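Residues per chain, in single letters:
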Amino acid sequence: MSVLAATNGSTPAPAAKAAGPVVNNTELVFNVDLFLLCAVAIFVLMLLPRAAVRFTHKREWVTGHFLYSATVVSLASVVRRPSKRDAILAPFATAYIPGPKKAEPSYDHEDSEKWASSTDASHTYASHADLVRKASTATARERRRQNIPTHMPGWSTMLPTLAAILRTTIRPGLTIGKGLVELTYFSVMLYAGLYKSNPFTKPIRAGFVATSQIPIVIALGTKNNVVGMLIGFGYERLNYLHRFAGRMLVLTANVHAIGYFYSWSSAGTFKTHIAKPDMQWALVALIATDMLLLLSSDLFRQKFYNSIFIPSHVISVILFLVAVCFHVPFAVPYVLVAVGFYGYDRLMRLLKSRVSMARLRPLPDLGMTRVEIPAINAGWRAGQHVRLRVLSLGMGFRGWAEAHPFTIASVSRSPSGEGLVLMCKKAGDWTNRLYELAQRADYGEANGVGSNVQVVVEGPYGGPGHAIFGSFSGAMFVAGGSGITFALAAVQDLMKKDLEFKSRVRAIELVWSVQDPAALQPLIPLFSTLLAQSRNAYANLRISVFYTRAPSSPEAVKAYRLPPGLTLSPMRPKLPGILSGVVDRSVALFSGGKERRRGGSTLTGVIVGVCGPASLGDEVRKAVAEFPAKRRKAVGGIELHEEAFGW
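None of the values given here were measured: they were computed from a predicted structure. (Residues numbered from 1 in each chain as written. Predicted model: local features only at pLDDT ≥ 70, side-chain atom pairs only at ≥ 80, totals over all residues. Heavy atoms only, no water.)

Q: Give me the lowdown on the overall build of the protein chain, citing residues and values where you can.
A: Counting secondary structure elements, the protein chain contains 23 helices and 18 strands. Excluding contacts between residues fewer than 6 apart, the proportion of contacts in the protein chain whose partners are at least 24 apart in sequence is 78%. Roughly 29,500 Å² of accessible area belongs to the protein chain as shown, and the carbon and sulfur atoms make up 63% of that amount. (Helix = DSSP H or I, 4+ residues; strand = E, 2+ residues; numbered from the N terminus. Contact = heavy atoms within 4.5 Å. Areas by Shrake-Rupley, 256 points an atom, 1.4 Å probe, with all protein chains shown as cover.)

Q: Explain the sheet that holds strand β5 (residues 368–373) to me, and be specific about the residues and the numbers.
A: Within the open sheet, the six strands sit side by side as β7-β6-β9-β4-β5-β8. Their pairing is antiparallel. Looking at strand neighbours, the two that pair on one side only are β7 (404–407) and β8 (420–425), the edges of this open sheet. Strand-to-strand twist in this sheet, taken as the mean axis angle between neighbours without regard to direction, amounts to 40°. Here six bridges tie strand β6 (residues 384–390) to strand β9 (residues 452–462), and the two strands are oriented antiparallel to one another. Pairing of Val-390 across the sheet is with Val-455, part of β9. Those strands touched by helix α16 (residues 332–351) are β4 (353–363), β6 and β9, and its axis lies near 60° from that of β4. (Pairing = 2+ DSSP bridges. Axes fitted to C-alpha atoms, helices over the stretch in contact; angles between N-to-C directions.)

Q: Can you tell me about the environment of Ser-534, naming the residues and giving the values?
A: Mapped onto the elements of the fold, Ser-534 is located in helix α19 (residues 524–535). It is 9.9 Å that separates the C-alpha atoms of Ser-534 and Lys-496, two residues lying 38 residues apart in sequence.

Q: Which residues make up the sheet that holds strand β14 (residues 566–569), and what values do they have?
A: On the basis of which strands lie adjacent, the open sheet formed by six strands has the order β14-β12-β11-β10-β17-β18 and parallel pairing. The strands lining the two open edges of the sheet, one partner per strand, are β14 and β18 (638–643). In this sheet, adjacent strand axes meet at a mean angle of 15° when their direction is disregarded. One ladder, built from seven bridges, connects strand β10 (residues 474–480) with strand β11 (residues 507–514); its direction is parallel. The residue bridging Val-478 from the neighbouring strand is Val-511, located in β11. Sitting on the sheet, helix α22 (residues 614–625) touches β10, β17 (606–611) and β18, and the angle it makes with β17 is about 165°.

Q: So what about the packing of aromatic side chains? Which residues, and what values?
A: The final tally for this structure, using the stated rule, is 17 aromatic pairs. Here Phe-261 and Trp-264 contribute two aromatic rings whose centre-to-centre distance is 6.2 Å and whose plane-to-plane angle is 55°, an arrangement assigned as tilted. Pair noted here: Phe-261 and Trp-264 are both in helix α11 (residues 235–267), with a separation of three residues, about one helical turn. For Phe-261, a relative accessible area of 24% corresponds to the partly exposed category. Pairwise contacts between aromatic rings join Tyr-260, Phe-261, Trp-264 and Phe-270 into one cluster. Sitting over the ring of Tyr-240, Lys-178 keeps its end group 5.1 Å from the ring centre. (Phe/Tyr/Trp six-rings, centres within 6.5 Å; stacked < 30°, edge-to-face > 60°. Buried < 20%, exposed > 50% of the residue type's maximum accessible area, 1.4 Å probe, protein only. Lys NZ or Arg CZ within 6 Å of the ring centre and 35° of its normal.)

Q: Describe the packing of helix α18 (residues 484–499) against α19, with residues and values.
A: Contact geometry of α18 with α19 gives a least axis separation of 11 Å together with a crossing angle of 25°. The orientation of α18 with respect to α19, classified from their angle, is roughly parallel. Where α18 crosses over α19, the two elements pack in a sense that is left-handed. Taking contact as the criterion, the partners of Ile-484, Leu-488, Val-491, Gln-492, Met-495, Lys-496 and Leu-499 in α18 are, on α19, Leu-526, Phe-527, Leu-530, Gln-533 and Ser-534. Looking at the contact of α18 with α19 residue by residue, the class counts come to eight nonpolar, three polar and one charged. (Parallel < 35°, antiparallel > 145°, perpendicular 65-115°, else oblique. Left-handed = near helix turned anticlockwise from the far one by under 90°. Nonpolar A, V, L, I, M, F, W, Y, C, P; charged D, E, K, R; others polar.)

Q: Just give me the short version of the pattern of salt bridges, but keep the residues and values in it.
A: A full pass over the atoms with the stated rule returns 18 salt bridges. For Glu-60, the salt bridge goes to Arg-54, with nearest N and O atoms at 3.0 Å. In this structure Glu-60 comes out as buried when scored by relative accessible area, which is 10%. The partner of Arg-585 in a salt bridge is Glu-509, and the shortest N-O contact between them spans 2.6 Å. (Salt bridge = Lys/Arg side-chain N within 4 Å of Asp/Glu carboxyl O.)

Q: With reference to specific residues and values, describe the nonpolar core.
A: In terms of nonpolar packing, the biggest core is built from 45 residues, with Phe-477, Ile-484, Trp-512, Leu-520, Phe-527 and Val-545 touching the most fellow members. Among the secondary structure elements, those contributing two or more residues to this core are β10, α18, β11, α19, β12 (540–547), β14 and β17. When residues in this core are grouped by element, the largest group, nine residues, is from α18. Residue contacts for Trp-512: discarding those within four places in its chain leaves Leu-366, Ala-479, Gly-480, Gly-481, Ile-484, Ala-519, Leu-520, Leu-523, Phe-527, Ser-544, Val-545 and Phe-546. Ranked by size, the runner-up nonpolar core spans 37 residues in total, among them Ala-253, Ala-285, Leu-292 and Ala-331. (Core = buried A, V, L, I, M, F, W, Y, C linked by side-chain atoms within 4.5 Å.)

Q: Which residues make up the pairing of β8, and what are the values?
A: Of all the six residues making up β8, five are buried; the element is thus mostly covered by neighbouring parts of the structure. Note: β5 against β8, six bridges, orientation antiparallel. Counted as the bridge partner of Ile-373 is Leu-420 from β8.

Q: Give a detailed account of the packing of helix α21 (residues 575–588) against α22, specifying residues and quantitative values.
A: For the pair α21 and α22, the least separation of the axes is 9 Å and the interaxial angle reads 50°. It follows that α21 is oblique to α22 by the angle criterion. Considering only the axes of α21 and α22, their crossing is right-handed. Residues Leu-575, Pro-576 and Leu-579 of α21 lie in contact with α22, whose contacting residues are Leu-616, Glu-619, Val-620, Ala-623 and Val-624. Of the residues that constitute the contact of α21 with α22, the class distribution is seven nonpolar, no polar and one charged.

Q: How would you explain the pairing of β4 if you had to name every residue and give the values?
A: Bridge analysis of β4 against β9 gives seven bridges, and the strand direction is antiparallel. Pairing of Met-357 across the sheet is with Gln-454, part of β9. What sits between β4 and β5 in their antiparallel hairpin is a turn of four residues, with Gly-367 showing a positive phi close to 65°.

Okay, here's the thing in structure tokens:
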């Protein structure tokens with residue numbers, strides 16, 4: 001965000017001419033922008049093969065872009081025959097707290113069938129023989145169905161060592177990879193500002209550099225991010241670069257202004273210059289950029305996001321763009337490009353918005369509000385989120401106008417008809433009011449008053465990008481607290497695709513870490529349904545819940561009746577061992593590197609997804625990075641997908 005004291009050559013710099021050829025500032029900053037555009041193009045080309053593979057599947061053209069209502073065909077017409085042994089759900093067992101495990105025998109790929117039938121290398125203490133037996137239950141017609149997605153490994157799978165280094169955390173929210181991107185961007189800005197120029201004697205260059213970055217900062221700050229769309233990243237994954245680019249813009253604008261202020265003050269002409277109309281507009285632009293920086297600090301962004309951060313952003317940006325155009329004509333093309341990016345974003349947000357009725361249900365044990373929108377049942381991918389606005393005076397004077405992001409906790413085109421489901425954790429004033437509204441609605445429903453409210457849902461956004469979870473051989477999803485919404489959506493989507501013959505995944509592990517074991521109770525019915533469904537599918541599902549705080553009523557926890565495949569343990573999850581179990585279960589379904597059930601396909605690796613606090617993400621990254629290279633290669637690689645807990 002800049003203020004320009006002059007166009008190139010219209011006003012002399014406050015110092016004598018430097019020796020050598022004069023650099024055309026306009027051409028220099030334009031070439032710098034072209035260089036940055038080429039850098040983005042390189043990333044696009046690197047990710048293009050995976051994007052091409054993704055869009056060879058027809059459903060990907062209509063899924064993950066817009067929400068809509070669709071007629072869902074019941075899975076009864078395509079579901080495979082259930083095995084006789086699993087005709088009904090096995091009787092529930094009481095909660096089981098695992099004790100110390102015995103040493104596990106090493107796994108030999110050549111003895112996979114023997115191992116799968118007789119050993120237990122998984123932390124869930126269930127026989128792997130079931131995995132082998134399931135192969136024989138498939139009919140010949142089912143084995144001929146080849147709707148499974150094509151797998152394209154990501155760069156992190158092909159270069160695991162480099163990926164592990166780039167994911168190393170420097171500080172919360174900043175990894176080595178992000179740091180390198182920021183350092184590269186800073187170096188480019190430094191070159192543009194210092195090439196044959198001195199910021200103390202020729203501050204005009206800094207103004208040109210700042211102005212040239214206006215479209216980049218605006219583009220990276222939009223929800224419908226053009227850069228993100230090209231490389232398959234959601235706006236939340238590029239928000240760090242938007243903030244960094246904005247700081248660089250503010251820095252160069254201030255270098256530009258301070259240089260002239262110093263020069264004018266030294267010459268005693270400050271009042272004369274600042275009285276000029278174009279310089280007054282420059283001062284307005286400078287104040288607007290500095291206010292943007294001040295009111296974008298963590299304090300305002302986290303504590304006063306909707307009350308101060310958003311309004312100040314909108315007002316300051318408008319003031320800045322108008323002022324810089326009146327200050328110098330050179331800025332007009334850059335401002336128009338930025339306005340184009342912003343206009344495109346607002347248009348897409350309007351097209352992505354849906355007005356519908358929602359049912360609110362309080363979940364006291366989870367401290368969440370369940371929002372059910374049955375009229376919207378299709379259009380999103382597992383792991384994506386939407387922005388929710390509740391049009392009710394019960395949300396407060398300003399709360400009805402606020403939009404908040406929540407991960408979708410249901411599967412698209414669900415045969416159950418539940419539609420889009422959100423689970424909103426109490427984490428602030430707005431979510432607390434939503435919970436109170438749900439409690440009143442729940443009470444009103446019990447008394448025949450009704451519990452529906454009108455909402456505006458905008459999205460979907462984010463998600464796995466060009467990766468297709470169903471194209472991997474195994475999947476492990478790790479959730480912390482309210483991050484369970486991401487994991488639930490991913491698991492339900494994989495189970496649904498398995499019944500539709502659209503998934504390669506054979507071993508699925510859901511790991512949930514909570515503080516209080518009482519959080520499990522409301523989800524036992526859903527977990528039981530998923531586990532029962534997996535008995536009649538090719539995919540084998542296991543769910544492990546870990547709690548880190550002593551329960552207020554230990555006897556109540558022991559009384560939980562858990563279905564087979566669901567465990568509850570009083571400890572932090574041992575992620576390396578769990579990941580090892582998922583890899584072993586995935587490899588056990590193959591013989592000589594070939595899949596037994598749908599012959600001809602090789603192992604395609606394990607996808608590991610995580611959504612939760614930063615500390616949990618660090619543990620998952622460490623487990624993936626330190627996994628033995630030989631076993632990683634045998635399973636086809638391990639890819640990590642991190643879902644933002646907050647941004």
